[in-house]
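# Per-entry structural report
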Amino acid sequence: MSTTNQTSLTNYFSPCPLCGHFLAVLTSTIDAPDFIAAVADVDTNWLAVDWDHTVRDVLLSLYGWNMGEEVLEHSSRCPICMRRFLFTRSEEGATLEIECKP
């Protein structure tokens with residue numbers, strides 16, 4: 001992962017206490033190769049992460065969003081900084097996309 005992208009991502013998320021905490025949890029729980037691949041695309045202004053129980057639990061804990069198995073699509077915003085979160089589930093799996101710069 002480039003230092004520039006990692007620094008930029010931290011700078012984008014850290015002003016918001018919810019999103020800053022969310023990023024800190026992601027960086028400590030997602031496998032390094034997966035996170036590196038996600039951050040490599042930060043220039044698109046979206047951080048895409050594969051959906052798993054950890055991501056689901058963090059979203060529920062911090063934002064109160066519960067994406068059960070029946071949810072196919074969900075779009076929400078952070079109540080503090082208005083950062084957009086887009087969740088999609090398909091036959092191939094589920095993905096959460098997070099806007100880097102709200």
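Remember, it's a predicted structure, so these values are computed and weren't measured experimentally.

Bringing the nonpolar core into the picture now. The biggest cluster of nonpolar side chains holds 27 residues, and the ones touching the most others in it are Phe22, Leu47, Leu59, Tyr63, Phe85, Leu96 and Ile98. Secondary-structure elements contributing two or more residues to this core are helix H1 (3-13), helix H2 (17-29), strand S1 (46-50), helix H4 (53-63), strand S3 (84-90) and strand S4 (93-99). For this core, the leading source of residues is H2, giving 6 residues. Apart from residues no more than four positions distant in its own chain, Leu96 is found in contact with Phe22, Leu47, Ala48, Val49, Trp51, Val55, Leu59, Phe85, Leu86 and Phe87.

Further remarks concern the packing of aromatic side chains. Evaluated as defined, the whole model comprises 6 aromatic pairs. Between Phe22 and Tyr63, the aromatic rings sit 6.1 Å apart at their centres with planes inclined by 70°, giving edge-to-face as the arrangement. Note that Phe22 is positioned in helix H2 and Tyr63 in helix H4, a separation of 41 residues in sequence. On the basis of relative accessibility, which here comes to 11%, the residue Tyr63 falls in the buried class. Centre to centre, the rings of Trp65 and Phe85 are 5.0 Å apart; their planes meet at 70°, and the pair counts as edge-to-face. Pair noted here: Trp65 is in the loop between H4 and strand S2 (73-77) and Phe85 is in strand S3, with a separation of 20 residues, a long-range link. Taken as a pair, Trp65 and Phe85 share a single burial class, namely buried. An aromatic cluster is built from Phe22, Tyr63, Trp65 and Phe85, whose rings are joined through pairwise contacts.

Taken in spatial order, the 4 strands make up an open sheet running S1-S4-S3-S2, and their pairing is antiparallel. A single partner strand is all that each edge strand has here, and the edge strands are S1 and S2. Adjacent strand axes in the sheet meet at a mean angle of 15° when their direction is disregarded. Relative to S4, S3 runs antiparallel, the two being bridged by 6 bridges. Within S4, the residue paired with Arg89 across the bridge is Ala94.

Rules used in this analysis
Residues numbered from 1 in each chain as written. Predicted model: local features only at pLDDT ≥ 70, side-chain atom pairs only at ≥ 80, totals over all residues. Heavy atoms only, no water. Core = buried A, V, L, I, M, F, W, Y, C linked by side-chain atoms within 4.5 Å. Buried < 20%, exposed > 50% of the residue type's maximum accessible area, 1.4 Å probe, protein only. Helix = DSSP H or I, 4+ residues; strand = E, 2+ residues; numbered from the N terminus. Contact = heavy atoms within 4.5 Å. Phe/Tyr/Trp six-rings, centres within 6.5 Å; stacked < 30°, edge-to-face > 60°. Pairing = 2+ DSSP bridges. Axes fitted to C-alpha atoms, helices over the stretch in contact; angles between N-to-C directions.

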